[in-house]
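What follows is each chain in one-letter form.
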Amino acid sequence: MIKEKYNFVDKYLHYFILNNQFVSDFIFDIEKKLFLKNNDFKNHKHIFISGLARSGSTLLLNILHQNNNFCSFTYNDMPMILAPNLWSKFFKNKTKINTLEKRAHNDLININVNSPEAFDEVFWKYILKNNYITNEFILNRSILEKHLLEYSKLITLVCSRYGKKNYLSKNNNSIFRVEKILDYFKKSFFLIPFRDPISHTNSLIKQHNKFIDLQKNDHFVLKYMNWLGHHEFGIDQKPFKFKNENYISNKKLIKYWISIWIDYYEYILEISKNSKNKNRIIFVNYNKLCTNKNDYLNKIFSKIGVNDHTNKVKIISNHKTNNYNIDKNQIEKANEIFFKLDNYINISN
């Protein structure tokens, strides 16, 4: 979220729209009736980005969003994510300031109201009625053809709103939907960013502690993140439920976060290995993206078959780490997975 103070009206509007299934049904239905034409964007080339939080997924989103081929949800679409055209034409506040500022993460990415953001999960929370979010975990629930049809309609509406044919999504929770989405959108790609496990888990711990403090000082931040399905860190942090065994419960330990890293990337490696869509699952090494910059970007665009219309970007990486007590066997396993990710069917080959 943008680091701005939401007034009472803003907060109530977010609550009324994002926390109400009846309102979601109503505005999505109105949006479809008013703005969904006969255009079908199912067979267009869409890009879906899904990586463990702090893997470089937002960086990839912002880079690709510069490309003239793509559109995405932006902060201007909040809070009526399910009715982007209705909100844009009739209700959007035209006076919003569009100067760049730090986002709540207080990292190296600056944003404004025109910046793309991960609002896809609002749709999945709505269409699945939150049945995959428990008090402890994010679960893997079945995605049906009817869900994907409605998702295709939303993508069509977003593309119509921005006058584009190709949709760009960043959604860390889509890890459980990779195969279903690629089966349905047969010309699309998934980009899976990954990062070396030590600096990655350091970044996760730092953001986890930062958002705990933010949410304690402003309870709206906690509600906002829950409404959007963002449970990556903070008071209501929830790991993905990949296995049945008990998870480490102490979130202050580096062992907890490395365990999350291992489970996440073991899962996606297995999915990719057995997928009939493996050529459309692209692993992106964040460390190489920061080191090789535009050469690496050119390989990404070549792999997904998109002309590079982006401005060449300046990528800055902060690799500071803390001296946590790391379990030797655990980090060896994580490093082994990192090596497999970097040497799988991806843009480095």
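Residues numbered from 1 in each chain as written. Predicted model: local features only at pLDDT ≥ 70, side-chain atom pairs only at ≥ 80, totals over all residues. Heavy atoms only, no water.

Some points on a nonpolar patch on the surface
A cluster of nonpolar side chains, contributed by F8, V9, Y12, Y15 and F16, occupies part of the molecular surface with about 590 Å² of accessible area. Using a relative accessible area of 59% as the deciding quantity, one classes V9 as exposed. (Patch = residues over 30% accessible without salt bridge, like charges linked within 9 Å, V, L, I, M, F, W, Y side chains within 5 Å. Areas by Shrake-Rupley, 256 points an atom, 1.4 Å probe, with all protein chains shown as cover. Salt bridge = Lys/Arg side-chain N within 4 Å of Asp/Glu carboxyl O. Buried < 20%, exposed > 50% of the residue type's maximum accessible area, 1.4 Å probe, protein only.)

Considerations on the packing of helix α1 (residues 8-18) against helix α9 (residues 219-227)
Viewed as axis vectors pointing N to C, α1 and α9 meet at an angle of 30°, and their least axial separation amounts to 11 Å. By the criterion of interaxial angle, the relationship of α1 to α9 is roughly parallel. Here the hand of the crossing between α1 and α9 comes out left-handed. In this structure, α1 contributes K11, H14, Y15 and L18 to the contact, and α9 contributes F220, Y224 and W227. By residue class, the composition of the contact of α1 with α9 is 5 nonpolar, 1 polar and 1 charged. (Axes fitted to C-alpha atoms, helices over the stretch in contact; angles between N-to-C directions. Helix = DSSP H or I, 4+ residues; strand = E, 2+ residues; numbered from the N terminus. Parallel < 35°, antiparallel > 145°, perpendicular 65-115°, else oblique. Left-handed = near helix turned anticlockwise from the far one by under 90°. Contact = heavy atoms within 4.5 Å. Nonpolar A, V, L, I, M, F, W, Y, C, P; charged D, E, K, R; others polar.)

Here we look at the side chain of T74
Along the chain, T74 falls in the loop between β2 (70-71) and α4 (84-91). With a relative accessible area of 4%, T74 lands in the buried category. With residues near it in sequence (within four places) discarded, T74 still touches H65, V113, N114, S115, P116, E117, F119 and Y162.

Some words on the sheet that holds strand β1 (residues 47-49)
Across the sheet, which stays open at both edges, the 5 strands sit in the order β2-β5-β1-β6-β7 with parallel pairing between neighbours. If you trace the sheet from one side to the other, it starts and ends with β2 and β7 (281-285), each paired once. Where helix α3 (residues 57-65) meets the sheet, its contacts fall on β1, β2, β5 (166-170), β6 (189-194) and β7, and the angle it forms with β5 comes to roughly 160°. Against the sheet, helix α12 (residues 294-304) makes contact with β1, β6 and β7, and its axis sits at roughly 180° relative to β7, the strand it touches most. (Pairing = 2+ DSSP bridges.)

Quick look at the environment of F283
Summarising the element assignment, F283 is placed in strand β7. Separated by 60 residues in the primary sequence, F283 and N343 place their C-alpha atoms 9.3 Å from one another.

Considerations on the state of the cysteines
The tally for this structure, following the rule as stated, stands at 0 disulfides. Among the cysteines around C159, which has no disulfide bond, C71 carries the closest sulfur, lying 3.8 Å off. For C159, a relative accessible area of 1% puts it in the buried group. (Disulfide = S-S within 2.5 Å.)

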